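An overview of the molecular structure
In case you want the letters, here they are:
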Amino acid sequence: MKIAIINGPNLNLLGKREPEVYGSQTFEDYFETLQQKFPDIELSYYQSNIEGELIGKIQEYGFTYDGIILNAGAYTHTSIGLGDAIKAVTTPVIEVHISNTYARESFRHQSYLSGNAKGVILGFGLKSYELAIQSFLSHII
């Protein structure tokens, strides 16, 4: 099984950025934990602060991978293009957020991704990514 994790803007700052919201662990460290926990899955990781690069990765992985886990960060609330990219590919996409976006500012309550994603997991910290992987393994989607 091949699963890609795609992270959007500012998620390269995990461990430094607002640790009270996002925690103190870097995503790179957490990704190593995921690889150890799921050794039979080929996990790929990509992060970009640029919307078009994220769309390109969804298109690249979107016809050959078994699943995509996407945390588009702030682009979740602004990018029709990312939503269209999810809709265009055949690989199922799980939208993930570290924080509970509904417990934050009102502009974070809108997602241009959710309507095209197979599921949404939010508010469980970095564990949200593990829950997304488990959803692919248990064939929930």
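An unreviewed UniProt entry annotates the protein as 3-dehydroquinate dehydratase of Flavobacterium chungangense. Per UniProt, the protein has the following entry under Catalytic activity (unreviewed entry): "3-dehydroquinate = 3-dehydroshikimate + H2O". As stated in UniProt under Pathway (unreviewed entry), the record for the protein gives "Metabolic intermediate biosynthesis; chorismate biosynthesis; chorismate from D-erythrose 4-phosphate and phosphoenolpyruvate: step 3/7."

**Quick look at the overall build of the protein**
For the protein, the count of helices and strands is five helices and five strands. Order of helices (α) and strands (β) in the protein, N terminus to C terminus: β-α-α-β-α-β-α-β-β-α. Here the protein has a C-alpha radius of gyration of 14 Å; the compact-globule value for 141 residues is 14 Å, and the two agree. In terms of principal-axis extent, the alpha carbons of the protein reach across some 35 × 35 × 25 Å. At a minimum sequence separation of 6, the contacts of the protein that also span at least 24 residues come to 77%.

**Points about the sheet that holds strand β4 (residues 93-97)**
Strand order in the open sheet formed by five strands is β2-β1-β3-β4-β5, with parallel pairing between adjacent strands. For this open sheet the edge positions go to β2 (42-47) and β5 (119-122), each flanked by a neighbour on one side alone. The sheet shows a mean angle of 20° between the axes of neighbouring strands, taken without regard to direction. Bridge count for strand β3 (residues 67-71) against β4 is three bridges, and the pairing is parallel. Within β4, the residue paired with Ile 69 across the bridge is Ile 94. Across the sheet, helix α3 (residues 51-61) is in contact with β1 (2-7), β2 and β3; its angle to β1 comes to roughly 175°.

**With respect to the packing of helix α2 (residues 27-37) against helix α5 (residues 127-137)**
The interhelical angle for the contact between α2 and α5, taken along N-to-C directions, is 30°, at an axis separation of 11 Å. Looking at the two axes, α2 sits roughly parallel to α5. Where α2 crosses over α5, the handedness of that crossing is right-handed. Residues Phe 27, Tyr 30, Leu 34 and Lys 37 of α2 form the contact with α5, whose own contacting residues are Lys 127, Tyr 129, Glu 130 and Ile 133. Classifying every residue of the contact of α2 with α5 by side-chain character gives five nonpolar, no polar and three charged.

The rules behind the values
Residues numbered from 1 in each chain as written. Predicted model: local features only at pLDDT ≥ 70, side-chain atom pairs only at ≥ 80, totals over all residues. Heavy atoms only, no water. UniProt positions renumbered as here; feature names shortened; annotations may be inferred. Helix = DSSP H or I, 4+ residues; strand = E, 2+ residues; numbered from the N terminus. Rg over C-alpha atoms; globule rule 2.2 N^0.38 Å. Contact = heavy atoms within 4.5 Å. Pairing = 2+ DSSP bridges. Axes fitted to C-alpha atoms, helices over the stretch in contact; angles between N-to-C directions. Parallel < 35°, antiparallel > 145°, perpendicular 65-115°, else oblique. Left-handed = near helix turned anticlockwise from the far one by under 90°. Nonpolar A, V, L, I, M, F, W, Y, C, P; charged D, E, K, R; others polar.

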